Amino acid sequence: MKFMKLGTRPDTFYTAEAIRSVSSEVSSDLVIQVKGTTYLLHKFPLLSKCARLQKLCAEATNPESIIKLPEFPGGVEAFEICAKFCYGITITLSAFNIVAVRCASEYLQMTEEVEKGNLVYKLDIFLTSCILRGWRDSITTLQSTKAFPLWSQDLGITGRCIDAIASKIIAHPSKLNWSSSSVAGRGREESTPCRNNGTESLRHKPAAATTSYSSSSKGWWAEDIAELGIDHYWRIMVAIKSGCKVPANLIGEALQVYARRWLPNMSKDGNKLQAPDSCSDPAGEITSRHRLILESLVSLLPLEKGSVSCSFLFKLLKAANILGASSSSKTDLARRAGLQLEEATVKDLLIPSLSYSNDTLYDVDIVAVILEQFILQGQSPPTTPPREKLRLERRRRSRSAENVDFGFQESRRSSFSASHSSKLKVAKLIDGYLQEIARDANLPLHKVIALAEAVPDFARPDHDHLYKVIDIYLKAHPDLNKSERKRLCTILDCKKLSMEACMHAAQNEMLPLRVVVQVLFFEQARVAMAGGQVTELPSNLKALLATHADDISQVTQLKGVDATIDDEWSVSGLKSPKSKLSTLKMKLAEADAELEEDVLNHDGSGRASKLKNFCSIPVRPRKMLSKLWASNRSVSERQ
């Protein structure tokens, strides 16, 4: 710690009956009151160095009147140091009290115009040549300006400290002067006197001072400046970023250190923010202070992708929701998180929703924004169909039971950008997130569908996880009507289900019957295309179809289907290999007719006509399925 001593006389101030006096053979002729403390002093030493006291004494009508200084900066401690300087009594100045004494001397107008070598001049020399040259001294001095914000700003102390600290961070560490146990030299302190000539001893320079930013000590400054208030910290970081010499990842690391220091629980899961132990600070003020800190940190985030971890961005986003941060801060965080979404986990995406507009547990809307930002990055418009087109294509494929062209998915994969693996990770991440939020009884159906359809179709090589989402949502929302359950199942592509998922879906009583039939159809078609024969259906699948025999017979009668086909829909009819695919085909046609009727009632005749054209079987699948059925008949005949 650097310090400076001024004066040579011993301290002769004493207290008697709550009055501070100076031992002297000359009686006091000046009475000064500073914030409740009365001083009995002498005019000659004080008025010769303090222009303000000269003016106040000249304006006083009564020579024996008390001069009151009610708004004296620094209080009685700073005033007494200034008074002792006038008397020539030895005073000690350091980074801890230099700001208070400098403000007090400015208030008393102890300038060079009054007397050469006055206190203001000596303090400025000490500040420039000693205090601001040391790392820790500069930080301590800047911290002390918090007690005198206006005075420190007007006198330029705050700005000079900020510039000194920022220049040390930007400069090579070997060029720094360390003092007062800096981060690189913990536990080692300096006690070097600094005289008026401004020289500084560097007897104890830590070993890490000879390293560079490429070494393990590259973040040596982050912990120290994390002790500063957000206003000073923000100005330092802005100065560092303007220097363009500190790597973006180091700035990001420093921001994380500050967030862990001032935003409680940021080092954990970030879901709860606890106020610091302070009985005098109301909860509203604490929340406002935390909100200011968070929004300031967001504004300081480097533009470079990867400068901060994805986990840290999501923690800030959770804190922003809890603290009610501005929409611009949330949008900026969502944009940045979207660029690194492949690094996230499902736990990161579980952002608590504290909005009064809905009762959902998690903020699904902000996750949708993040996902959209991820999809848009680096994507060329010609190769990516519009979202509406993708949605219609998925719906057409889910209803067209005869479309078994499995090579279609492989041809689409080549049309997307090079970040294929990252999109596969994000698709799996979103499906895992949907499984978590699907348990929320207040989650609207349209949000689940929108988020599921936002993932590119090629990024889901299988739909097992998506089927699990549907299963969880149906169990958590047993009151869904038939139309809503059908809408939910439009996100599912039965061709992409594994054998295990197909078996589970076939026994799932909460699924619409058309989905169960689709599962059976594609499973039988898969077996047939593989060159095997259509095997006996499991007993549980037969029982499931048997439970819907009445509905099936009604539909076939409405369509004029004869009794032979009616027999094929029975459980015994399903034992005939030649009837399996045709039976499933007709059941899908029935389900499509019901879907068209629902859409007609909901959206009008125009939507229904489009849907009928949309559900028509293309030529190529029809030809392929006719061959498939012919091969099945030949297999059964040979048997």
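Residues numbered from 1 in each chain as written. Predicted model: local features only at pLDDT ≥ 70, side-chain atom pairs only at ≥ 80, totals over all residues. Heavy atoms only, no water.

Asker: Please provide a residue-by-residue account of empty space enclosed by the protein, values included.
Answerer: This structure, assessed with the given rule, holds 6 cavities of 30 Å³ or more. The space that makes up the largest cavity amounts to roughly 90 Å³. Looking at the largest cavity, it is lined by 13 residues, and the ones nearest its centre are Leu303, Glu304, Lys305, Arg336 and Gln340. Taken together, the residues that form the lining of the largest cavity break down as 6 nonpolar, 3 polar and 4 charged. (1 Å grid on protein atoms, 1.4 Å probe; cavity = no way out; pocket = protein on both sides within 12 Å on 5 of 7 lines; lining within 4 Å. Points joined across faces, edges and corners; volume = space filled by probe spheres on them. Nonpolar A, V, L, I, M, F, W, Y, C, P; charged D, E, K, R; others polar.)

Asker: Please set out the state of the cysteines residue by residue, giving values where relevant.
Answerer: According to the stated counting rule, one finds 0 disulfides in the structure shown. Distance from the sulfur of cysteine 50, which forms no disulfide, to the nearest cysteine sulfur (cysteine 86) is 4.0 Å. Cysteine 502 forms no disulfide, and the closest cysteine sulfur to it belongs to cysteine 494, at a distance of 7.4 Å. (Disulfide = S-S within 2.5 Å.)

Asker: Please give an account of the packing of aromatic side chains that cites residues and values.
Answerer: Considering all chains together, one arrives at 9 aromatic pairs under this definition. Between phenylalanine 72 and phenylalanine 79, the ring centres sit 5.5 Å apart and the planes meet at 85 degrees, which makes this aromatic pair edge-to-face. Look at phenylalanine 72 and you get buried, because its relative accessible area is 1%. Ring pairs connect the aromatic residues Tyr39, Phe72, Phe79, Tyr107 and Trp151, which therefore count as one cluster. The aromatic ring of phenylalanine 13 is capped on one face by lysine 84, whose charged end is 5.8 Å from the ring centroid. (Phe/Tyr/Trp six-rings, centres within 6.5 Å; stacked < 30°, edge-to-face > 60°. Buried < 20%, exposed > 50% of the residue type's maximum accessible area, 1.4 Å probe, protein only. Lys NZ or Arg CZ within 6 Å of the ring centre and 35° of its normal.)

Asker: Tell me about the pattern of salt bridges, residues and numbers included.
Answerer: Evaluated as defined, the whole model comprises 16 salt bridges. Across the pair arginine 136 and aspartate 224 runs a salt bridge, and its minimum N-O distance is 3.4 Å. Of the two residues, arginine 136 is situated in helix H6 (residues 135–144) and aspartate 224 in helix H9 (residues 222–225); the sequence distance between them amounts to 88 residues. With relative accessibility at 3%, the residue aspartate 224 sits in the buried group. Close ionic contact of arginine 261 with glutamate 227 constitutes a salt bridge, the shortest N to O distance being 3.6 Å. Residue arginine 261 is found in helix H11 (residues 248–262), and its partner glutamate 227 is found in the loop between H9 and helix H10 (230–243); the two are separated by 34 residues along the sequence. Taking relative accessible area as the criterion, arginine 261 reaches 39% and is therefore assigned partly exposed. (Salt bridge = Lys/Arg side-chain N within 4 Å of Asp/Glu carboxyl O. Helix = DSSP H or I, 4+ residues; strand = E, 2+ residues; numbered from the N terminus.)

Asker: Could you give an account of the environment of isoleucine 251, naming the residues involved and the relevant values?
Answerer: Mapped onto the secondary structure, isoleucine 251 falls in helix H11. On a C-alpha basis, the gap between isoleucine 251 and serine 307 in space is 7.6 Å, while along the polypeptide they are 56 residues apart. Aside from chain neighbours lying at most four places away, what touches isoleucine 251 is Met237, Ile240, Lys241, Val246, Leu300 and Pro302. (Contact = heavy atoms within 4.5 Å.)

Asker: Account for the environment of arginine 336, naming residues and giving values.
Answerer: By secondary structure assignment, the location of arginine 336 is in helix H14 (residues 327–339). Owing to a relative accessible area of 11%, arginine 336 belongs among the buried residues under this scheme. Placed 26 residues apart in sequence, arginine 336 and cysteine 310 show a C-alpha to C-alpha distance of 8.3 Å. When neighbours within four sequence positions are excluded, arginine 336 is seen to be in contact with Leu301, Pro302, Leu303 and Leu313.

Asker: Go over helix H3 (residues 75–87), please, and point to the residues and values.
Answerer: Its 13 residues give H3 an end-to-end C-alpha distance of 19 Å, which sits within 8% of 18 Å, the value for a rise of 1.5 Å per residue. Burial within H3 is extensive, with 11 of its 13 residues counted as buried. Considered for burial, the residues of H3 that qualify are Gly75, Ala78, Phe79, Glu80, Ile81, Cys82, Ala83, Lys84, Phe85, Cys86 and Tyr87. Looking one or two residues beyond H3, the residue adopting positive phi is glycine 88, at roughly 85 degrees. (Expected span 1.5 Å × (residues − 1).)

Asker: Tell me about H10, residues and numbers included.
Answerer: Between its first and last C-alpha, H10 extends 20 Å over 14 residues, near the 20 Å set by a 1.5 Å rise per residue. Ile230, His232, Tyr233, Ile236, Met237 and Ile240 are the residues of H10 that are buried. Buried residues in H10, looked at end-on, bunch into an arc of 160 degrees, giving them a common side. The first or second residue beyond H10 is cysteine 244, which carries a positive phi of 60 degrees. (Arc of directions from axis to C-beta.)

Asker: For the side chain of glutamine 435, give the residues involved together with the corresponding values.
Answerer: Relative to the helices and strands, glutamine 435 resides in helix H19 (residues 420–437). A residue is classified by how much of its surface remains accessible, and glutamine 435, at 12% relative accessible area, is buried.

Asker: Give me the lowdown on the sheet that holds strand S4 (residues 30–34), citing residues and values where you can.
Answerer: Taken in spatial order, the 5 strands of this open sheet run S2-S3-S5-S4-S6, and their pairing is mixed. Each edge of the open sheet carries a strand with a single partner, namely strand S2 (13–16) and strand S6 (67–68). The sheet contact formed by strand S3 (residues 19–22) and strand S5 (residues 37–41) spans 3 bridges and is parallel. Among the inter-strand pairings, serine 21 is bridged to a residue of S5, identified as leucine 40. (Pairing = 2+ DSSP bridges.)

Asker: Which residues make up the confidence of the model for the protein chain, and what values go with them?
Answerer: Summing up the model confidence of the protein chain, the mean pLDDT is 76 and the portion of residues at 70 or higher is 65%. In this model, residues 268–281 is a region of pLDDT below 50 whose contacts with residues beyond four sequence positions or in other chains number 29 contacts. Considering only residues more than four positions removed or in separate chains, one finds that residues 380–386, a stretch of pLDDT under 50, has 5 contacts. (pLDDT = per-residue confidence, 0-100.)

Asker: Report on the packing of H19 against helix H21 (residues 464–476), specifying residues and quantitative values.
Answerer: Put simply, H19 and H21 touch, their axes get as near as 9 Å, and they point 15 degrees apart. Classed by the angle they form, the pair H19 and H21 counts as roughly parallel. Remark: the crossing between H19 and H21 carries left-handed chirality. Seen from H19, the contacting residues are Lys428, Asp431, Leu434 and Gln435; seen from H21, they are His465, Leu466, Lys468, Val469 and Ile472. In terms of residue class, the contact of H19 with H21 is made up of 4 nonpolar, 2 polar and 3 charged. (Axes fitted to C-alpha atoms, helices over the stretch in contact; angles between N-to-C directions. Parallel < 35°, antiparallel > 145°, perpendicular 65-115°, else oblique. Left-handed = near helix turned anticlockwise from the far one by under 90°.)

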